[in-house]
Amino acid sequence: MSVRINKIMNSLDKAYSGPVCTVKEWDTKVIPRTIKAKLKEHGLEKTLDMENPINCDDELADRFFKAGYELALEMGLLCTDTERIIKITEQELQETLREYPEEIKFGRGKDQVVMRPRRPESTVEPIVCASLGIVVSEELYVPITEGLIKYPKLVDVLHGPTLATVYGKKIRSGTPYETLMGRYEAELRRQATYRAERPGIGHTGIAGAVTHYGHLGGAAFFPGEGNNTMSLCPVELKASMSNFHRIVMGINCGHNIRAGGFSYIGGYAGPAEGAVLANIATDLLLPVILQATYVSSYVYDLQLFGNCGRKAVWANSVSTQAVSRNTNIMRNKIVNETAGPMTEMFLYEAAVGLMNHCVSGSTKTTQPRSAGGRYTDYLTPMEAWWCGEVFKSCAGMTRKQANEIAKKILPKYEEKLPTPDKGYSVKECFDLDNMRPTPEYEALYHRVRNELIELGMPLDNVYCTK
Amino acid sequence: MKDQLFERLSNAIAEGEVDDAVSIVKEGLDAGIPPLEIMEKGGTKGLKLVSERFSEGTAYLPELILAGDSMTEILKLVLEALGDEAASERMGKVVIGQVKGDLHDIGKNVVSALLSVNGFEVYDLGVDVDPKDFVNKAEEVGASIIASSTLLTTSMPYQEDIITYLKDAKLRDKYYCVVGGGPVTPDWAEKIGADGYGRNATDAVELCKKIMASSKAPGQEIEAVDLGKA
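Because the structure is predicted, anything quoted here is derived from the model rather than measured.

A.B. asks: Sorry, what's going on with unusual backbone geometry here?
C.D. replies: Trans peptide bonds make up most of the peptide bonds, and negative phi angles are found at most residues other than glycine. All names here are of chain A. A cis amide bond links Gly 205 to the next residue, Ile 206, at an omega of -10 degrees. Turning to its location among the elements, Ile 206 is positioned in the loop between β11 (202-205) and α7 (212-218). Phi is positive for Met 342, which is not a glycine, with a value near 55 degrees.

Pasting the structure below:
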């Protein structure tokens, strides 16, 4: 039995033998009360700094880390199927942190890239994965995906959009349609990688697998090291058997495991400070319990259903800095843009969010979430390229510089967050035959890019570092 | 004494102290305070308080859920005390759930809690709910509205399946079907023949109120509520 299988079975055993707790009790009492008490104990209440959205205070980040570390040990994850708590010991956590890999490889051959731990303000270039699961029409799937990965300097790993249909049929999650979609998506993605001349690019899959069925249907088509299985946990500090299904399949295929979970400001964890604590605890628990090779968890704002507002930017900055200053855990961090393609608002949202993640010590991002992923075909390669350019270029910036820029950009869009600009569909603003944005989109890109360069964002770095 | 009791009750509701709220209502009824006065000056005030705090970001989802729970328990006592007068006290019955294949329930939980604190009798079926289970529950409790939510495009077809099932079972004219969730749009609601769409939790509550106040039969016309765009 391999070490990975042994460890995941240990967690499964705990899911069937740990302390009993109902989901309702967990959500409405255990989580809020424990987090509230922990914030008070460490003097972290009301530390949210709306005037400085990107935290520059190392001591604050470290205090949050200490509290989040304690929270992880006190809480564990609740298994929603068995309603038992999967607890961990400090010895297990310390062992996981000690044995954590120094690097993680994505892809193979000339398309291989290596991810390494980053501290706040690190000059180490972070990794970009494209895209998030935005739904696209079947006939546009291959060209859009080809476009997403066209530039190796900007995008390193492929996650891919989500298919609207499978062979013209609606995909009903949790049914054989989804299982079939898993394989079909893998086939289309492979076509796209060949068209983009990047057959060895690392895959994260399956983008359309909203339950484990899609993943079970497609994961085997991306075999071996350098590919990744994604498993997102229910909110807050929970795991389900669906998570375990995916992870066991990922281990079977020899994948890296990318496990994650959301923490909501205004949700079960309470205020922004509570969401930070829950997020740190999630990052510490997932490598131990779900064998996460790297973690993909982030703070959202329940009121805005995104994370480009001031509170969420601050919360993500503190959480990322806390973990990256105190561990080597590598973290994929997402920006959930709410505006759509070819809007100034999208470019601003991505710029603030990705600059923040980069200077705070994230090692990877998966982008974009054009139009919040609400509309079919509202994704173009251009958004992914912009995100790659910003995220990679900001490596080496100081948090102070980034904070000053964020303070200038945020007022340009934050009032519109509840009603973001929808933007345009791919056919309206991108030429997929020639893989170029329309002249109007290109002009918008240059205008915003120049504006950000004038503000001090080093947007041409990406062309110098490789 | 009465004012103090009302204040204690509204605070207990807003703080999410369900047991305390129930005890205070029992105390008030035992003291002979009219049930409707307890509801109006204590219960409703508590709900207003927690809703305001949630909107301004000083109360969070757990308080909202527990306030809904308090309201459900309190209403049982009040309705019992009112006897036959009670029938008109609730806004209506809503069966709500996250459709099949979808485990993302935080948005649905907010809607569920807000509906409850706004006077609806809410039957929350949780996550990963089969279309038939929505209908069966609606039949069982005599609901007026079936509300389905999803964050996943691949679970959206199940919202349509609920309506199709109702039509095939010749039950469409019994239930208003409203839909919501991240990728759900007014166009989608119209396409599948839903009765309404709400962009967020607040809109969903306004939508349900609007539907209950309207004279239109289920399946006749779509209502889209998007206060953000107003």
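A.B. asks: Can you help me understand the nonpolar core in this one?
C.D. replies: Soluble, globular proteins show a tendency: their nonpolar side chains are buried together. Residues Leu 277, Ala 351 and Met 355 of chain A together with Leu 64 of chain B are the most contacted members of the largest nonpolar core, which totals 213 residues. Ranked by the residues each element gives to this core, the list is headed by helix α9 (residues 272-289) of chain A, at 12 residues. Among the domains, domain 1 (2-88) and domain 2 (93-229) of chain B are the pair contributing at least three residues each to this core. Each residue touching Met 355 of chain A, except ones within four places of it in the same chain, is listed here: Val 390, Cys 394, Ala 402, Ile 405, Ala 406 and Met 457 of chain A. Residues Ala 186, Ala 207 and Phe 222 of chain A together with Leu 151 of chain B belong to the second largest nonpolar core, which totals 9 residues.

A.B. asks: Even after reading the chapter, I still don't get the confidence of the model for chain B, so can you show me in this structure?
C.D. replies: Detailed reading of predicted coordinates is not advised where the pLDDT is low. Averaged over all residues, the pLDDT of chain B is 87; the fraction at 70 or higher stands at 95%. The complex prediction reports pTM at 0.89, with the ipTM value standing at 0.88.

A.B. asks: Could you clarify how one ought to interpret helix α1 (residues 3-17) of chain A in this entry?
C.D. replies: Residues that lie three or four places apart on an α-helix share one face, since the helix turns once every 3.6 residues. All names here are of chain A. The end-to-end C-alpha separation of α1 is 21 Å, in line with the 21 Å expected for 15 residues at 1.5 Å each. Where α1 is concerned, the buried positions are Ile 8, Ser 11, Lys 14 and Ala 15. Angular distribution of buried residues about the axis of α1 spans 110 degrees; they occupy a single face of the element. α1 presents Val 3, Asn 6, Asp 13, Tyr 16 and Ser 17 as exposed residues on the side facing more than 90 degrees away from its buried surface. Packing partners of the buried residues in α1 comprise β1 (77-79), β2 (84-86), α8 (241-253) and α9.

A.B. asks: I'm lost on the sheet that holds strand β13 (residues 238-239) of chain A in this one. Help?
C.D. replies: Each strand in a sheet pairs with its neighbour through backbone hydrogen bonds, running either in the same direction (parallel) or in the opposite one (antiparallel). All names here are of chain A. If you trace the 3 strands from one edge of the open sheet to the other, you get β2-β1-β13, paired in mixed fashion. With partners counted over all chains shown, the strands left at the sheet margins are β2 and β13, one partner each. As defined by bridge partners, β1 adjoins β13 across 2 bridges and the pair is classed as parallel. What sits directly across from Cys 79, in β13, is Ala 239.

A.B. asks: Please explain the domain arrangement of chain B as it appears in this structure.
C.D. replies: A common way to express how large an interface is: the accessible area buried when the components associate. All names here are of chain B. If you check the domain split of chain B, you get domain 1 (2-88) and domain 2 (93-229). It is helix α4 (residues 61-82) that contributes the most residues to the side of domain 1 that touches domain 2, 7 residues altogether. In terms of residue class, the side of domain 1 that touches domain 2 is made up of 7 nonpolar, 3 polar and no charged.

A.B. asks: Explain the environment of Lys 2 of chain B to me, please; I cannot follow it from the model alone.
C.D. replies: You can see Lys 2 of chain B is positioned in helix α1 (residues 2-14). In this structure Lys 2 of chain B comes out as partly exposed when scored by C-beta crowding, with 13 C-beta atoms within 10 Å.

A.B. asks: Is there a simple way to explain the sheet that holds strand β5 (residues 196-198) of chain B in this structure?
C.D. replies: Residue and element names in this part refer to chain B. Pairing is parallel in the open sheet, where 6 strands are placed in the order β2-β1-β3-β4-β5-β6. Taken across any chain shown, the strands that pair with only one partner, and hence form the sheet edges, are β2 (121-124) and β6 (223-225). When strand polarity is set aside, the average angle formed by the axes of neighbouring strands in this sheet is 20 degrees. With 3 bridges joining them, β5 and β6 adopt parallel strand pairing. Across the sheet, residue Gly 198 finds its bridge partner in β6, namely Val 225. Helix α9 (residues 201-213) contacts β1 (93-98), β3 (145-149), β4 (176-180), β5 and β6 of the sheet and is inclined by roughly 150 degrees relative to β6.

A.B. asks: Is there a simple way to think about the pairing of β11 of chain A in this case?
C.D. replies: Look at any regular strand and the pattern is simple: side chains alternate between the two faces of the sheet. Residues and elements named next belong to chain A. Side-chain alternation along β11 places Gly 202 and Thr 204 on one buried face and His 203 and Gly 205 on a second face that is also buried. Bridge count between strand β7 (residues 157-158) and β11: 2 bridges; the pairing is parallel. Looking at the pairing, Leu 158 lines up with His 203 of β11. Where β11 lies against strand β12 (residues 228-233), 2 bridges are found, and the strand directions are parallel. Residue pairing across strands places Gly 205 opposite Thr 229, the latter belonging to β12.

Reading guide: rules and limits
All residue numbers here refer to positions counted from 1 along the written sequence of the relevant chain. Working convention: letters from A go to chains and numbers from 1 go to ligands, in the order in which they are written. Given that this is a predicted model, residues contribute local features only at a pLDDT of at least 70 and side-chain atom pairs are listed and counted only at 80 or more, while totals for whole chains, interfaces and linings are drawn from all residues. Helix and strand assignments come from DSSP, with helices taken as H or I runs of at least 4 residues and strands as E runs of at least 2, each series counted from the N terminus. Nonpolar cores are built from buried Ala, Val, Leu, Ile, Met, Phe, Trp, Tyr and Cys residues. These are joined into a set through C-beta atoms within 7 Å. As a rule, residues whose C-beta atom has 12 or fewer other C-beta atoms within 10 Å are exposed, those with 20 or more are buried, and those in between are partly exposed; C-beta atoms are placed from the backbone. Note that the domain bounds were set by an automatic or database domain assignment. By the convention adopted here, residues are in contact when the distance between their C-beta atoms, placed from the backbone, does not exceed 7 Å. The quantity known as pLDDT measures the predictor's confidence residue by residue, on a range of 0 to 100. Expected span of a helix: the number of residues minus one, times 1.5 Å. Here the arc refers to the directions that run from the helix axis out to each C-beta atom. When DSSP locates at least two bridges between a pair of strands, those strands are taken to pair. Here the term charged refers only to Asp, Glu, Lys and Arg, the term nonpolar to Ala, Val, Leu, Ile, Met, Phe, Trp, Tyr, Cys and Pro, and the term polar to all other amino acids, Gly among them. Lines fitted to C-alpha atoms define the axes here, with helix axes fitted over just the stretch in contact, and angles between the N-to-C directions of these axes take values from 0 to 180 degrees.

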